[in-house]
Each structure stands twice: as C-alpha cells, then as structure tokens.
There are 2 protein chains.
Amino acid sequence: MRLSAFSDYSLRVLMYLGAQTNRLATIAEIAAAHDISKSHLMKVAHQLGRGGYIETVRGKGGGLRLAHEPQEIVVGEVIRQTESDFTLAECFADKSTCRIQGACCLPAILNEALKAMFLVLDGYTLADLLRTPGKLMPLAGCDLTIGQGKKAAPTCMRS
Amino acid sequence: MRLSAFSDYSLRVLMYLGAQTNRLATIAEIAAAHDISKSHLMKVAHQLGRGGYIETVRGKGGGLRLAHEPQEIVVGEVIRQTESDFTLAECFADKSTCRIQGACCLPAILNEALKAMFLVLDGYTLADLLRTPGKLMPLAGCDLTIGQGKKAAPTCMRS
C-alpha cells in the first residue's frame, strides 16, 4: 500500500515552490534539486497547473510559482487529484471478478478506512509541510546538503 | 494506493472458512470458489497458519478451518500481517534518496493518516465481514451464482 511516485513528486514540487516565495523556479532546477527526470516533472507540473495549484510564467526568466498561499493548499485534496488508483481491493475495480461481491462487507469497511485517512490529510496544508523552512530553504539555491547527513527531527505538529 | 492481492486473498480465505463452521475446507475448493490459483492460495494459507488465524488438519478428509471465532479475528491485524509494504512514500523506505528527508513533515503526516486508517480497520472483525452469511453460505457448496448477477446491498454496519 503506497502512494504513487506521481503523488510523491507532486508534493515535492509544491514544497519546493512553497519554500521560496520571492522568485520563479524552473523545472530544470527542481529536477536537479530532487534528482528526478525533467520529463517526469513536466507531467507533474502540467497536472498541478491543471489542478490550479501552480502557475507558469512563460518566456525568458519565466518559471513556476504557487497559485495560492501554502496554507490554502490542502494535502488531502492534492493527493486526491494526483493519485489515480483508489481500488484498495480488486472488488473496487469496474471489472472485478470477485465471486462474493455484493454479499461482502469488505468494500464498505475499506471505504470507511480510506475516509478516515483523508480526514487526516485534509487537516494539513502545504504550510504544515514547510514547518522547517530554514532547513528547506537551501534547496532554493540548490545547496543539496540536506538529507545527505544524519536525519534531523522536524517539529511536525498539527496547525 | 491499493492493498496487495495477498491481503485480498487472505481475507477471502478467512471469509470462506468463516462462512462454514461445521466442516473443513480444502485449498482446492477455495481456489475453485474464488477462481484463484491453488499455488497462490497455498502461500496465503501458509501465512495465515503462521499468523495463528487458521488451522490445518492433515490426512484424508483433512482441510482448513478457522483457529478462532470470527469475532476474535480483527481485520486491521490481518492486514498488518499480510501487507508487506507500508512505504506510503519513497521517504519511508530504508534506502530513500529524497533530498529533503529529515527536514520534511510529510512522513509524520502520512503516518498519522495510516494510523487513522488502521483505527477503523481495527474496529472490525471477520464477523463483520460475514454479516450476510445467507448470501455467502452458498460458496460452501461451490454454488457460484453470487456475484454473477446484479449486486446486492448487504447491511455493513459497525458492530
């Protein structure tokens, strides 16, 4: 049970843009900062643009920026848009072959569990992911020392 | 984001055994009832045996049965044992390459969401999955009409 790389990268792009509010960022620098392929990130940025989370300024000196304040971007909503597959079990799929579907309570129970999960994710915004801006800011200048040493312990409390 | 087929099949085996308490069932009949390969089900049954959920009676006329009453088998505990991968994002993995790990609050938030999900799953037992035994019982005789017609609407209320 894991989120797609697409969701993971979408959140990383949003965090990158949220950690630097005074300038535009390019796909190339985000790709370099996170060591992710540019072509993959272009799809991610396209989807985030369609979802209204980021804006693109075209032309020389152009780039990406958040379309809203970090505290207005809800983590649960982002994941709902970027995650393509919520078929928690085979019986969730349109073409399920399970012989006991319709007589089984598992889908209802899994749906309740999924709702509980998103209730938590809907309680956090991008601003909560950026609680340690001092540690994330070096990424803006592509100083990639973060994460290469011992893990720090950020304070991740609910707002 | 989906459960593994292994978890899905484990729950189906438990439901099959829970729907018929008066006799032993064989891997072959469960495989036929659910149209799942026998070799796959043997691994599932082995793991369920190791977890203490089912018992195997060997020899002629032998087979499988639940090791506990359905109301003693907690859905969340089963899924914890059968699901091998809870690395919700890449940063959960031992060999994560994320450049901002240690400075990012996403793991803490995803962990909280996962806990909320299991809090729901821990509130249900196998007995809750068997709320419509009348509809599930025909499986015991391999009457496979269930699920091939219009979906019924079982009553899946929390106990």
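Residues numbered from 1 in each chain as written. Chains lettered and ligands numbered in written order. Predicted model: local features only at pLDDT ≥ 70, side-chain atom pairs only at ≥ 80, totals over all residues. Heavy atoms only, no water.

Colleague: Summarise the overall build of chain A; cite the residues concerned and give the values.
Modeller: When helices and strands are tallied, chain A shows seven helices and two strands. Secondary structure elements of chain A, listed N to C terminal, follow the sequence α-α-α-β-β-α-α-α-α. Residue burial in chain A is summarised as follows: out of 159 residues, 48% are buried. (Helix = DSSP H or I, 4+ residues; strand = E, 2+ residues; numbered from the N terminus. Buried < 20%, exposed > 50% of the residue type's maximum accessible area, 1.4 Å probe, protein only.)

Colleague: How would you explain the side chain of A:Thr125 if you had to name every residue and give the values?
Modeller: You can see A:Thr125 is positioned in the loop between helix H5 (106-121) and helix H6 (126-129). The contacts of A:Thr125, once residues within four sequence positions are left out, are A:Pro70, A:Gln71, A:Ile73, A:Val74 and A:Val75. (Contact = heavy atoms within 4.5 Å.)

Colleague: Requested: an account of the packing of helix H2 (residues 27-34) of chain A against helix H3 (residues 38-50) of chain A, with residues and values cited.
Modeller: Residue and element names in this part refer to chain A. Here H2 crosses H3 at 120°, and the two axes come no closer than 9 Å. In this view, H2 runs oblique relative to H3, as classed from their interaxial angle. In terms of crossing hand, the pair formed by H2 and H3 is right-handed. Each of Ile27, Ala28, Ile30 and Ala31 in H2 lies in contact with H3, whose residues at this interface are Lys38, Leu41, Met42 and Ala45. Of the residues that constitute the contact of H2 with H3, the class distribution is seven nonpolar, no polar and one charged. (Axes fitted to C-alpha atoms, helices over the stretch in contact; angles between N-to-C directions. Parallel < 35°, antiparallel > 145°, perpendicular 65-115°, else oblique. Left-handed = near helix turned anticlockwise from the far one by under 90°. Nonpolar A, V, L, I, M, F, W, Y, C, P; charged D, E, K, R; others polar.)

Colleague: I'd like a description of the pairing of strand E1 (residues 54-57) of chain B, backed by residues and values.
Modeller: Sheet topology note: the E1(B)/strand E2 (residues 63-66) of chain B ladder contains four bridges and is antiparallel. Directly across from B:Thr56, in E2(B), lies its bridge partner B:Leu64. (Pairing = 2+ DSSP bridges.)

Colleague: Talk me through helix H4 (residues 75-82) of chain A; I want residue IDs and the actual numbers.
Modeller: The complete set of buried residues in H4(A) reads A:Val75, A:Gly76, A:Val78, A:Ile79 and A:Thr82. When H4(A) is viewed along its axis, its buried side chains cluster within an angular range of 160° and face the same direction. (Arc of directions from axis to C-beta.)

Colleague: I'd like a rundown of the packing of helix H1 (residues 5-18) of chain A against H4(A), residues and numbers included.
Modeller: Residues and elements named next belong to chain A. One can describe the packing of H1 onto H4 by two numbers: an axis separation of 9 Å at closest approach and a directional angle of 135°. Judged by the angle between their axes, H1 and H4 are oblique. For the element pair H1 and H4, the recorded crossing hand is right-handed. Across the interface between the two elements, Phe6, Ser7, Ser10, Leu11 and Leu14 from H1 touch Val75, Val78, Ile79 and Thr82 from H4.

Colleague: Residue-level account of the environment of A:Ser4, with values.
Modeller: Residues and elements named next belong to chain A. With respect to the element layout, serine 4 can be found in the segment before H1. Its relative accessible area of 23% is what places serine 4 among the partly exposed residues. As a C-alpha pair, serine 4 and serine 84 span 80 residues in sequence and 8.1 Å in three-dimensional space. Those residues in contact with serine 4 that sit more than four places away from it in its chain are Thr82 and Glu83.

Colleague: Residue-level account of the side chain of B:Thr82, with values.
Modeller: Residues and elements named next belong to chain B. Relative to the helices and strands, threonine 82 resides in helix H4 (residues 75-82). Overall, the relative accessible area of 8% leaves threonine 82 in the buried class. Leaving out residues up to four positions away in the same chain, threonine 82 has contacts with Ser4, Phe6, Ser7 and Ser10.

Colleague: Give a description of the pattern of salt bridges that names residues and reports values.
Modeller: Side chains bearing opposite charge may pair, as long as their charged atoms lie close to each other. All names here are of chain B. If you walk through the whole model with that rule in mind, you get eight salt bridges over all chains. The salt bridge partner of arginine 65 is glutamate 55, with a shortest N-O separation of 3.0 Å. Placement of arginine 65 in strand E2 and of glutamate 55 in strand E1 is noted, with a sequence separation of ten residues between them. Of the residues examined, arginine 65 reaches a relative accessible area of 39% and is grouped as partly exposed. (Salt bridge = Lys/Arg side-chain N within 4 Å of Asp/Glu carboxyl O.)

Colleague: With reference to specific residues and values, describe the confidence of the model for chain A.
Modeller: One rule of thumb: low pLDDT means the predicted coordinates there are not for detailed reading. All names here are of chain A. For chain A, the average pLDDT comes to 80, and 70% of its residues sit at 70 or higher. Per-element mean pLDDT across chain A ranges from 59 in helix H7 (residues 133-136) up to 95 in strand E2 (residues 63-66). Contacts from residues 140-153, a stretch scored under 50 in pLDDT, to residues over four places away or in other chains number 25 contacts. In the predicted complex, the global pTM is 0.78; the interface-specific ipTM is 0.78. (pLDDT = per-residue confidence, 0-100.)

Colleague: Explain unusual backbone geometry to me, using residue names and the numbers behind them.
Modeller: One non-glycine residue with positive phi stands out, namely A:Asp35, at about 55°. Within the secondary structure, A:Asp35 sits in the loop between H2 and H3.

Colleague: Please set out the environment of B:Ala31 residue by residue, giving values where relevant.
Modeller: Residue and element names in this part refer to chain B. Among the secondary structure elements, alanine 31 is positioned in helix H2 (residues 27-34). Along the primary structure alanine 31 and glycine 76 are separated by 45 residues, whereas in three dimensions their C-alpha atoms are 24 Å apart. The residues contacting alanine 31, other than those within four sequence positions of it, are Ile36, Ser37, Lys38 and Leu41.

Colleague: Please give an account of the environment of A:Thr21 that cites residues and values.
Modeller: Residues and elements named next belong to chain A. Relative to the elements of secondary structure, threonine 21 occurs in the loop between H1 and H2. On the accessibility criterion, threonine 21 (62% relative accessible area) is exposed. Considered as a pair, threonine 21 and glutamate 69 are 48 residues apart in the sequence and their alpha carbons are 9.2 Å apart.

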